[in-house]
Amino acid sequence: MAEKVTVPEISRMKQRGEKITALTAYDYSFARILDEAGVDILLVGDSLGSVIQGQQNTLPVTLDEMIYHTKAVVRGRKRALVVADMPFLSFQVSVEEAKRNAGRFLQEAGAEAVKVEGGVQLLETIEAIVRMGIPVMGHVGLTPQSVHRFGGYKVQGKEKQEREAILQDALAVEEAGAFSVVLEGIPMDLAQEITRRLSIPTIGIGAGVQCDGQVLVVHDMLGLFDMYTPKFVKRYADLRGVMTGAVKNFITEVREGKFPDEEHSFH
Ligand code: KIV
């Protein structure tokens, strides 16, 4: 368990048939907790737009904001692989910009890999980033940066044509040299087929149990974010409830003059 998780180790986990665990992290304290609990990958996701910034979607998140959060996560982890999500506009405009921006995550923030949303159309970009020595995680299916094209956060790949397009996207990501790929919001049988066809690990979110690993947004799985809960999210805790209870206790004790007591005061 103590061994540092590396990109080659993530590849070997698929070969050994070991499931890969990933959670999002956006700050030092959470990174420490998740890392010490033993999660394999900390993904600094642009989902922070929703759960940290309170935005409607991930599109307003900037590269500088992502780098800021990635730095904090890197300081908090010892073992897990840190993957930084490249935000909207940081990799789509040109291959040159994508290369420079991916490099910033490693040079300035200490990330070990970057994630990009897209498939066939990103083949050249992923290849170019990988050629720089930067490991890339792909992301296909329901890619949140394309929310307006999809007309909402809808499961992708239900129709035959869409299904084939997602399979081609996943194959392109592998061909481009990515070390893994996130499969988001697709039918489980499609995720199973992609997982079988690819030699790189698939990390599922709303893609069923057959993926090589699973990722969730940490605020969702801990019950911290309740604005909306997709069907695929399992709540492993109710931290919102725990926090609300603690804050209410604090308010009551302060109002009643019970806090601070002797134990928490100086003489
Ligand atoms: O931004 C994010 O957190 C993600 C994961 C949910 C895969 O892309």
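Everything quoted here is computed from the prediction, not taken from an experiment.

Moving on, we get to the overall build of the protein chain. Looking only at helices and strands, the protein chain features 11 helices and eight strands. For the protein chain, whose C-alpha radius of gyration is 20 Å, the value lies close to the compact-globule estimate of 18 Å for 267 residues. The principal-axis extent of the C-alpha atoms belonging to the protein chain is close to 70 × 40 × 40 Å. Of the contacts formed within the protein chain by residues at least 6 apart in sequence, a portion of 59% connects residues at least 24 apart. For the protein chain, the exposed area adds up to about 13,700 Å²; of that, 54% sits on carbon and sulfur atoms. Treating the 30 positive side-chain charges of the protein chain as one cloud and the 36 negative ones as another, the clouds have centres 2 Å apart.

Counting 59 residues, the largest nonpolar core has Leu42, Phe105, Leu183 and Ile194 as its most contacted members. Residue contributions to this core peak at six residues, all from helix H8 (residues 160-176). The residues touching leucine 183, leaving out its near neighbours within four places in the chain, are Val140, Ala191, Ile194, Thr195, Thr202, Ile203, Gly204, Ile205, Ala207 and Cys211. Core analysis: the next-biggest nonpolar cluster, separate from the first, contains 17 residues, Ile10, Leu43, Leu81 and Phe179 among them.

Overall, parallel pairing links the eight strands, which are arranged S1-S2-S3-S4-S5-S6-S7-S8 in a closed barrel. Strand-to-strand, the axes of this sheet are offset by a mean angle of 25°, without reference to chain direction. Pairing of strand S1 (residues 20-24) with strand S2 (residues 41-44) involves three bridges; the strand directions are parallel. Residue pairing for S2: leucine 23 is matched across the bridge by leucine 42.

In this section: H8. For H8, built from 17 residues, the straight-helix expectation of 24 Å at 1.5 Å per residue is met to within 8% by its first-to-last C-alpha distance of 24 Å. If you check which residues of H8 are buried, you get Ile166, Leu167, Asp169, Ala170, Ala172, Val173, Glu174 and Ala176. Contact partners of the buried residues in H8: helix H6 (123-131), strand S5 (136-141), strand S6 (180-184) and helix H9 (188-197). Just past H8, the residue glycine 177 takes up positive phi, approximately 110°.

Once that is clear, we can look at the site of the ligand. Close to the ligand lie Thr24, Leu43, Gly45, Asp46, Ser47, Asp85, Lys115, His139, Val182, Ile205 and Val217. The separation between an oxygen atom of the ligand and a polar side-chain atom of serine 47 is 2.5 Å. When the ligand sits alone it has 260 Å² of accessible area, and the protein chains cover 96% of it. A per-class count over the shell around the ligand returns four nonpolar, four polar and three charged.

Before going further, it helps to examine the domain arrangement of the protein chain. If you check the domain split of the protein chain, you get domain 1 (7-236) and domain 2 (239-267). If you average the C-alpha positions of domain 1 and of domain 2, the two centres end up 39 Å apart.

Along the polypeptide, glutamate 184 turns up in strand S6. For the pair glutamate 184 and isoleucine 205, spaced 21 residues apart in sequence, the C-alpha to C-alpha distance is 4.8 Å. Not counting chain neighbours up to four residues away, the residues in contact with glutamate 184 comprise His139, Val140, Gly141, Leu142, Pro144, Ile205 and Gly206. Of the polar contacts made by the side chain of glutamate 184, one reaches the side chain of histidine 139; its length is 2.8 Å.

What follows concerns the packing of aromatic side chains. The full count for this structure, using the stated rule, is two aromatic pairs. Pairing phenylalanine 225 with tyrosine 228 gives two aromatic rings, centres 5.6 Å apart and planes at 90°, and the pair type is edge-to-face. Exposure remark for phenylalanine 225: the relative accessible area of 12% places this residue in the buried category.

A separate point is the packing of helix H5 (residues 95-107) against H6. Packed helix pairs are characterised by how far apart their axes lie and by the angle those axes make with each other. The contact between H5 and H6 brings their axes to 9 Å, and the two run at 40°. Here H5 lies oblique to H6, going by the angle between them. Regarding H5 and H6, the two cross each other, and that crossing is right-handed. Touching Val95, Ala98, Lys99 and Ala102 of H5 are Glu124, Thr125, Ala128 and Ile129, all from H6. Here the residues of the contact of H5 with H6 sort into five nonpolar, one polar and two charged.

Cut-off values and rules
- Residues numbered from 1 in each chain as written.
- Predicted model: local features only at pLDDT ≥ 70, side-chain atom pairs only at ≥ 80, totals over all residues.
- Heavy atoms only, no water.
- Helix = DSSP H or I, 4+ residues; strand = E, 2+ residues; numbered from the N terminus.
- Rg over C-alpha atoms; globule rule 2.2 N^0.38 Å.
- Contact = heavy atoms within 4.5 Å.
- Areas by Shrake-Rupley, 256 points an atom, 1.4 Å probe, with all protein chains shown as cover.
- Lys, Arg positive; Asp, Glu negative; His and termini not counted.
- Charge placed at Lys NZ, Arg CZ, Asp CG, Glu CD.
- Core = buried A, V, L, I, M, F, W, Y, C linked by side-chain atoms within 4.5 Å.
- Buried < 20%, exposed > 50% of the residue type's maximum accessible area, 1.4 Å probe, protein only.
- Pairing = 2+ DSSP bridges.
- Axes fitted to C-alpha atoms, helices over the stretch in contact; angles between N-to-C directions.
- Expected span 1.5 Å × (residues − 1).
- Near = heavy atom within 4 Å.
- Polar contact = N/O pair within 3.5 Å; in protein donor to acceptor, adjacent residues only side chain to side chain.
- Nonpolar A, V, L, I, M, F, W, Y, C, P; charged D, E, K, R; others polar.
- Domains from an automatic or database assignment.
- Phe/Tyr/Trp six-rings, centres within 6.5 Å; stacked < 30°, edge-to-face > 60°.
- Parallel < 35°, antiparallel > 145°, perpendicular 65-115°, else oblique.
- Left-handed = near helix turned anticlockwise from the far one by under 90°.

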